[in-house]
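Understanding the architecture of this molecule
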Amino acid sequence: MTFAPEPAVTGGQETSQTRLLRRGVDLLCRADPELAALLDAEVDHQAATLAMIASASAADPSVLAAGGAALSNVTAEGYPGARYHPGAVHFDAVERLAVERAKEAFGAQYANVQPHSCSSANFSVLSALIPVGGVLLGLDLDAGGHLTHGSPASVTGRHFSAVHYGLDEHGHLDYDSVADLARAHCPAVIVAGASAYPRVIDFARFRAIADSVGAYLLADISHIAGLVVTGEHPSPIDHAHITTTSTYKQLGGPRGGLILSGREHRAAGPDGHTPLARLMQQAVFPRSQGTPSPAAIAAKARALDLVTTPEFKDTARRIVENAAALAAAFTASGHHVLTGGTDNHMVLLGVLHRGLTGVVAERALEECGILANRNRIPGDTKPPLVAGGLRLGTNLLAQRGMGPAEMAACARLVDTVLDATRPDGDTAYHLDPRVRDGVRGEVAELCARFPLPFAHDEPAGAFAGHPPHETGARL
Ligand code: DSN
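This structure is a prediction, so every number in the text was calculated from the model and none was measured.

Looking only at helices and strands, the chain has 17 helices and 19 strands in total. Taken over the C-alpha trace, the chain has a radius of gyration of 23 Å; the compact-globule value for 475 residues is 23 Å, and the two agree within 12%. The principal-axis extents of the C-alpha atoms in the chain amount to approximately 65 × 65 × 40 Å. Split into buried and exposed, the 475 residues of the chain put 55% on the buried side. Long-range pairs, those at least 24 residues apart, make up 70% of the contacts in the chain between residues at least 6 apart in sequence. With 38 positive and 49 negative side-chain charges, the chain shows a separation of 3 Å between the mean positions of the two kinds.

Right, here's the structure in full:
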């Protein structure tokens, strides 16, 4: 496999963990070549694909290695120092390290690193703060919200009585409507956060609305966590009672979630006395999860160390600059850019006016080696699996070392494909093979010129990407 680690040494000797990983990769290749080949193909696929998936980032090889640690063999319910199994001495230290790093990275005073995902983190938090049948106010899925913010398709929309706010005529969050709905429905929790929203979220304003009706404020920053850590987006930590995030979307971490709290970590829960921090501990274990995933927590600890590096900060700045440049290039070529631009990592395009659907655009682009996903947009007339929009993000482009100068090329490639795509109904289409081959060639050339960090033998932290003009590494 091309992902086999180089011999890592500590004090001149190969470490136990390195020997284990090396042996594991070796055994996998010999004992299960079918699976090994699939995993190998994925490495090559990621290297050669221009991924603009807004909810993805590339994990540093050291994060992946931590996620494959023998620590995974430890079964230990509970929390450090209060486990229900013996043998957790190293896991305790790893979890404490992850908690401290999470608190430091986000300026939080409380962190729970056990959630297996942000969806499970959200469910844990909401279950602790809202009685069954109680009211939850969150952004509508079609306006850019998330399933776990009370969608009828999610358990959060079944256990709780969900009310949804939306966007104003410019496509921005309609804070007046949030305030009106809060007054009308008296929610126990207001959720501020989105899966498809390209503008700054005013967490202070959300908190003022929550206070006006005595609601808790939950900020779900899964999509913008890397920007929050680096100051590229205002932090909700001291505005919200609780903040949740996934660890893989923009933090370069493993699959997983975090629950965080700032100055409100000692505020009373719904019973009037249990501090929120204690409530959150119980909410994750034992109320909604069993054993934690120790190696995933180790990988979170590794990623949370990397997000405080200057390289990560630089990448976050470029993510935002790139998204602005990408949106401007799409606007210049006549695309319908929702909200007219972006403040974060995300660009949303409406494609129906070009005679396309989201899924046709997604599939035609994928055929050419470009990844961006279909997304429903406000006023969408198409079902979720078809959708009328396309969501693009610049996390991985910035990690590749691309800057605003390369965004014109990325937008041109997308534009070329969409222009040459002739739809045949909502899901079928014809793409001119000459255009497809030409774009494939350009994508291959761009990916080779701006490789993902894991394609290099670079020092730890290289995940965060280096601007080529500063290091010369990718020119
Ligand atoms: N929440 C989904 C997304 O935004 O793409 C997956 O993490």
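Having seen the structure, we can now continue with the description.
Here we come to the packing of aromatic side chains. As enumerated under the stated definition, the model contains 3 aromatic pairs in all. Where tyrosine 175 meets phenylalanine 206, the ring centres are 5.4 Å apart and the plane angle is 65°; that geometry is what we call edge-to-face. Of the two residues, tyrosine 175 sits in helix H7 (residues 175-185) while phenylalanine 206 sits in helix H8 (residues 203-213), which places them 31 residues apart along the sequence. Phenylalanine 206 matches tyrosine 175 in its accessibility class, with the two residues each being buried. A connected cluster of aromatic rings, assembled from ring pairs, spans Tyr165, Tyr175 and Phe206. Over the face of the ring belonging to tyrosine 248 we find arginine 255, whose NZ or CZ atom lies 3.7 Å from the ring centre.

For the rest of this paragraph, the subject is the packing of H7 against H8. In the contact formed by H7 and H8, the axes pass within 9 Å of each other and the chain directions differ by 15°. When the axis of H7 is compared with that of H8, the two are roughly parallel. The two elements H7 and H8 cross, and the hand of that crossing is right-handed. Packed against H7, whose contacting residues are Tyr175, Asp176, Val178, Ala179, Ala182 and Arg183, the element H8 presents Arg205, Phe206, Ile209 and Val213 at the interface. Partitioning the contact of H7 with H8 into residue classes produces 7 nonpolar, no polar and 3 charged.

The full set of residues close to the ligand is Ser55, His146, Ser195, His223, Tyr248, Lys249 and Arg391. With respect to the ligand, the side chain of histidine 223 contributes an N or O atom lying 2.8 Å from an oxygen atom. At 2.9 Å from an oxygen atom of the ligand is found a side-chain nitrogen or oxygen belonging to lysine 249. Taking 230 Å² as the accessible area of the ligand by itself, protein coverage stands at 71%. Placement of the ligand is best described as lying within the second largest pocket.

Counting all residues, the mean pLDDT for the chain is 93, and 93% of those residues have values of 70 or more. Predicted confidence is poor over residues 459-475, with pLDDT under 50, and the contacts of this stretch with residues over four places away or in other chains come to 50 contacts.

Let's shift gears to the packing of helix H13 (residues 358-367) against helix H15 (residues 404-419). Running from amino to carboxyl end, H13 crosses H15 at an angle of 115°, the nearest separation of the two axes being 9 Å. Between H13 and H15, the interaxial angle falls into the category roughly perpendicular. Where H13 crosses over H15, the handedness of that crossing is right-handed. Facing Ala361, Ala364 and Leu365 of H13, the residues of H15 in contact are Val414, Val417 and Leu418. Residues that form the contact of H13 with H15 fall into these classes: 6 nonpolar, no polar and no charged.

Moving on: the sheet that holds strand S7 (residues 135-139). Sheets are built from strands paired through backbone hydrogen bonds, the pairs being either parallel or antiparallel. Spatially, the 7 strands line up as an open sheet ordered S6-S12-S11-S10-S9-S7-S8, and their pairing is mixed. In this open sheet, the two edge strands, each paired with only one partner strand, are strand S6 (110-112) and strand S8 (161-165). Along the sheet, successive strands turn relative to each other by an average axial angle of 20°, direction set aside. By the bridge criterion, 4 bridges tie strand S11 (residues 242-246) to strand S12 (residues 257-261) in an arrangement that is antiparallel.

A few words now on the layout of surface pockets. Taken as a whole, the second largest pocket spans an internal volume of roughly 490 Å³. Considering each element in turn, the lining of the second largest pocket owes the most residues, 3 residues, to strand S16 (residues 373-375). Residues belonging to the lining of the second largest pocket are distributed by class as follows: 6 nonpolar, 8 polar and 5 charged.

Cut-offs applied
Here the residue numbers are simple positions, counted from 1 along each chain's written sequence. Restriction of local features to residues with pLDDT of at least 70 applies here, the model being predicted, together with a cutoff of 80 or more for giving and counting side-chain atom pairs; totals for whole chains, interfaces and linings are based on all residues. Hydrogens and waters are ignored; side-chain quantities use all the structure's heavy atoms. Starting at the N terminus, helices and strands are each numbered in turn, a helix being any DSSP run of H or I of at least four residues and a strand any DSSP run of E of at least two. The reference for a compact globule is 2.2 Å times residues^0.38; the radius of gyration itself is calculated from the C-alpha atoms. The buried label applies to any residue whose accessible area, calculated with a 1.4 Å probe on protein chains only, is under 20% of its type's maximum; exposed applies above 50%, and partly exposed to all values in between. Any two residues whose heavy atoms approach within 4.5 Å at even a single point are treated as in contact. Positive charges are assigned to Lys and Arg, negative charges to Asp and Glu, while His and the chain termini are left out of the count. By convention, the charge on Lys lies at NZ, on Arg at CZ, on Asp at CG and on Glu at CD. What counts as a ring pair is set by centres within 6.5 Å for rings of Phe, Tyr and Trp (its six-membered ring), and what kind of pair is set by the plane angle: stacked under 30 degrees, edge-to-face over 60, tilted for all other angles. Counting as a charge over the ring demands two things of the Lys NZ or Arg CZ atom: a distance within 6 Å of the ring centre and an angle within 35 degrees of the ring normal. Axes, fitted as lines to C-alpha atoms, cover a helix only where it is in contact. Angles between the N-to-C directions of the axes lie from 0 to 180 degrees. Between 65 and 115 degrees an angle is taken as roughly perpendicular, under 35 as roughly parallel, over 145 as roughly antiparallel, and anywhere else as oblique. Left-handed describes a crossing in which the near helix is turned anticlockwise from the far one by less than a right angle; the clockwise case is right-handed. For this scheme, ten residues count as nonpolar: Ala, Val, Leu, Ile, Met, Phe, Trp, Tyr, Cys and Pro. Four count as charged, namely Asp, Glu, Lys and Arg, and the remainder, Gly too, count as polar. Nearness here has a simple test: a residue counts as near a molecule or strand if at least one of its heavy atoms is within 4 Å of that partner. Two N or O atoms count as a polar contact when they lie within 3.5 Å, although within protein this holds only if one can serve as hydrogen donor and the other as acceptor, and sequence-adjacent residues are included solely when both atoms are side-chain atoms. Each accessible area is a Shrake-Rupley estimate made with a 1.4 Å probe; only the visible protein chains count as cover when residues are assessed. Residues are said to line a cavity or pocket when one of their atoms sits within 4 Å of a point; the points come from a 1 Å grid over protein atoms alone, cavities being sets where a 1.4 Å probe fits but cannot get out and pockets being open sets with protein on both sides within 12 Å along at least five of seven lines. Grid points define the cavity or pocket, and a molecule sits in it when more than half of its atoms lie within 2 Å of them. Predictor confidence is given residue by residue as pLDDT, running from a minimum of 0 to a maximum of 100. Only strands joined by at least two bridges in the DSSP assignment are considered to pair. Grid points are joined across faces, edges and corners, and a volume is the space filled by probe spheres set on the points.

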